[in-house]
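Structural characterization, general
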Amino acid sequence: MCPFSFPVVSQNLVTDNVSVVEGEMAIISCRVKDNDDSVIQLLNPNRQTIYFRDVRPLKDARFQLVNFSDNELRVSLSNVSLSDEGRYVCQLYTDPPQEAYADITVLIPPGNPIIEGRDEVLSEGNETEMTCTAMSSKPAATIRWMKGDKELPGKPMVELTYDKMYTVTSRLTFTVSKEDDGVPVSCIVDHPAVKDFQAQKYLEVQYKPEVKILVEFPPGLTREGENLELTCHAKGKPQPQRVNWVKVDDDVPSHAVITGGDLYIENLNKSYNGTYRCVASNTVGESFDDYILYVYDTGPSTEPAAHDSRAGEGAPRTVDHAVIGGVVAVVVFAMLCLLIVLGRYFARHKGTYFTHEAKGADDAADADTAIINAEGGHTNSDEKKEYYI
């Protein structure tokens, strides 16, 4: 019985694994580092000889010789199919035979991604769900989501089909705002067999009106006798169906003219002061903007530069009478204090005068002497003078 030599993996014989897209061409290269005139052959996964040296015993014309030399056997396989996948053997005919293995992996790209949305038309603030499906690929594809230039996380689900293909479905849930109207949502499929594979769906988001009041006239402060013209701009999706003017906590002046979004009031007076509100609505909701009217007196004014009388602005800047009263009170109080001080000052000096005048009488031994001493005090009356203010 003849001994059988088992093949060994040789470092002298080398090859490379190959990944190829279905329908394209694969190249298998068997290379010998140091050949001693041994024969090189290539076997398929069933160990059938494809090439023996430069001869092809296998009757499959898809295999073609690309190069043959003492150091290399290079073969091409065109129109690769999934059935061609497997381990190919480069064999050097020695004793024992030396082998190296090249694994061919067939890549099958997914079909065109399918993107679907739960809602065709959305309203701001609502949550929506979208799905993207990449079917029949090998290996399984990965799916990414982009809303505009922002990446969003999806939830993937991978399914292995009966033909050993993979179908991947990714589910995306997010809340929309009015800024999302017209923004594309992209489903991007990543797979080694394809590049830039994606599908898009543009969002249609409806939102309640945005309202803005503009002052057409006057350009400065609103004064008595002048006219007022306001324009209300309202934008929404769908376009606002109604635009109304109202006065908060009161009625709009009876002679005011309202035409669409325009409000016109002539011959202003202070009774028209108040908050005027423009209200716009559509099927999504209602919004408003306020204008606070304050009518100033006519004639030259030292008021600050004109500005729109809006909420928080345009309040009248009048002189505070309480401040004036406070200043007057302080002045009066200061004068009273001054009078009290002066009164006490003169009272003190007058008392001293009488004390000096009776000084002689205090030291007398009896009444007669006291009278004489007191009278004697008048001898110098010319030296004492009394001044009155």
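Looking up the protein in an unreviewed UniProt entry gives the name Cell adhesion molecule 1, with the organism given as Cyclopterus lumpus. In its Sequence similarities (unreviewed entry) section, the UniProt record describing the protein reads: "Belongs to the nectin family."

Assigned secondary structure in the protein consists of 3 helices and 26 strands. Looking at the protein as a whole, 33% of its 389 residues qualify as buried. Contacts in the protein between residues at least 24 apart in sequence constitute 60% of all its contacts with a sequence separation of at least 6. For the protein, the computed accessible surface area is about 24,000 Å², with 53% contributed by carbon and sulfur atoms.

To continue, consider unusual backbone geometry. Backbone torsion omega between D95 and P96 reads -5°, so that peptide bond is classified as cis. Along the chain, P96 falls in the loop between β9 (86-93) and β10 (98-107). Put simply, F217 and P218 share a cis peptide bond, and its omega is 0°. Relative to the assigned elements, P218 resides in the loop between β20 (205-217) and β21 (228-237).

A few words on the pairing of strand β18 (residues 184-191). On a regular strand, each side chain points to the face opposite its neighbour's, so the side chains alternate between the two faces of the sheet. The buried count for β18 comes to 6 of 8 residues, which makes it a mostly enclosed element. The sheet contact formed by strand β14 (residues 142-147) and β18 spans 6 bridges and is antiparallel. From the neighbouring strand, W145 faces β18, where its bridge partner is C187. Bridge count between β18 and strand β19 (residues 194-202): 7 bridges; the pairing is antiparallel.

What follows covers the state of the cysteines. Considering all chains together, one arrives at 3 disulfides under this definition. C30 shares a disulfide with C90; S-S distance 1.8 Å. Judged by the sign of its S-S torsion, about -70°, the cystine formed by C30 and C90 is left-handed. With C30 in strand β4 (residues 26-32) and C90 in strand β9, this residue pair connects regions lying 60 residues apart in the sequence. Each member of the pair C30 and C90 is classed as buried.

The next subject is the sheet that holds strand β13 (residues 127-137). Spatial strand order, β11-β13-β17-β16: 4 strands in an open sheet with antiparallel pairing. Only two strands of the sheet have a single neighbouring strand rather than two, namely β11 (114-117) and β16 (155-160). Geometrically, the sheet is characterised by an average inter-axis angle of 15° between neighbouring strands, direction not taken into account. Where β13 lies against strand β17 (residues 166-175), 9 bridges are found, and the strand directions are antiparallel. Each residue of the ladder has a partner; that of E129, found in β17, is T173.

Another aspect to go through is the side chain of T133. You can see T133 is positioned in strand β13. A relative accessible area of 17% places T133 in the buried class. At 3.5 Å, the side chain of T133 and the side chain of T169 are in polar contact. Apart from residues no more than four positions distant in its own chain, T133 is found in contact with N112, P113, I114, T167, V168 and T169.

Moving on, we get to the packing of aromatic side chains. Aromatic ring pairs are reported here in terms of the distance separating the ring centres and the angle at which the planes meet. Evaluated as defined, the whole model comprises 2 aromatic pairs. Look at F52 and Y93: their rings are 6.1 Å apart centre to centre, the planes differ by 85°, and that puts the pair in the edge-to-face class. One end of the pair, F52, is in strand β6 (residues 49-52); the other, Y93, is in strand β9, and 41 residues separate them in sequence. For Y93, a relative accessible area of 52% corresponds to the exposed category.

The next subject is a nonpolar patch on the surface. Taken together, the side chains of I324, V328, V332, L336 and L339 present a nonpolar region at the surface, about 460 Å² in accessible area. With respect to the helices and strands, the residue L336 is situated in helix α1 (residues 321-357). Look at L336 and you get partly exposed, because its relative accessible area is 47%.

Taken together, the 3 strands give an open sheet; going across it, the order is β22-β25-β26, and neighbouring strands pair in antiparallel fashion. Each of the sheet's edge strands pairs with one partner strand only, and the pair in question is β22 (242-247) and β26 (286-293). The average angle at which neighbouring strand axes cross in this sheet is 20°, direction not considered. Judged from the 8 bridges that link them, strand β25 (residues 274-281) and β26 form a sheet pairing that is antiparallel. Looking at the pairing, C278 lines up with D289 of β26.

Bringing the nonpolar core into the picture now. Counting residues in hydrophobic clusters, the biggest one holds 26 residues, and the most contacted among them are L42, I50, F63, L73, Y88 and I104. The set of elements that each furnish at least two residues to this core consists of β3 (18-21), β4, β5 (39-43), β6, β8 (72-77), β9 and β10. Formed by 21 residues, the second largest nonpolar core is a distinct cluster that contains A141, V189, V194 and V205.

The next thing to look at is a negative patch on the surface. Side chains of D34, D36, D37 and D70 sit close together on the surface and give a patch of like negative charge. Structurally, D70 can be placed in the loop between β7 (63-68) and β8. Classification of D70 by relative accessible area gives partly exposed; the value is 48%.

Tracing the chain through its elements places N35 in the loop between β4 and β5. Overall, N35 belongs to the buried group, its relative accessible area being 18%. A polar atom in the side chain of N35 sits 3.0 Å from the backbone nitrogen of S38. A distance of 2.3 Å separates the side chain of N35 from the backbone oxygen of D70, its partner in a polar contact. Residues contacting N35, with those up to four places away along its chain left out, are I40, D70, N71 and L92.

About the thresholds
Residues numbered from 1 in each chain as written. Predicted model: local features only at pLDDT ≥ 70, side-chain atom pairs only at ≥ 80, totals over all residues. Heavy atoms only, no water. UniProt positions renumbered as here; feature names shortened; annotations may be inferred. Helix = DSSP H or I, 4+ residues; strand = E, 2+ residues; numbered from the N terminus. Buried < 20%, exposed > 50% of the residue type's maximum accessible area, 1.4 Å probe, protein only. Contact = heavy atoms within 4.5 Å. Areas by Shrake-Rupley, 256 points an atom, 1.4 Å probe, with all protein chains shown as cover. Pairing = 2+ DSSP bridges. Disulfide = S-S within 2.5 Å. Axes fitted to C-alpha atoms, helices over the stretch in contact; angles between N-to-C directions. Polar contact = N/O pair within 3.5 Å; in protein donor to acceptor, adjacent residues only side chain to side chain. Phe/Tyr/Trp six-rings, centres within 6.5 Å; stacked < 30°, edge-to-face > 60°. Patch = residues over 30% accessible without salt bridge, like charges linked within 9 Å, V, L, I, M, F, W, Y side chains within 5 Å. Salt bridge = Lys/Arg side-chain N within 4 Å of Asp/Glu carboxyl O. Core = buried A, V, L, I, M, F, W, Y, C linked by side-chain atoms within 4.5 Å. Lys, Arg positive; Asp, Glu negative; His and termini not counted. Charge placed at Lys NZ, Arg CZ, Asp CG, Glu CD.

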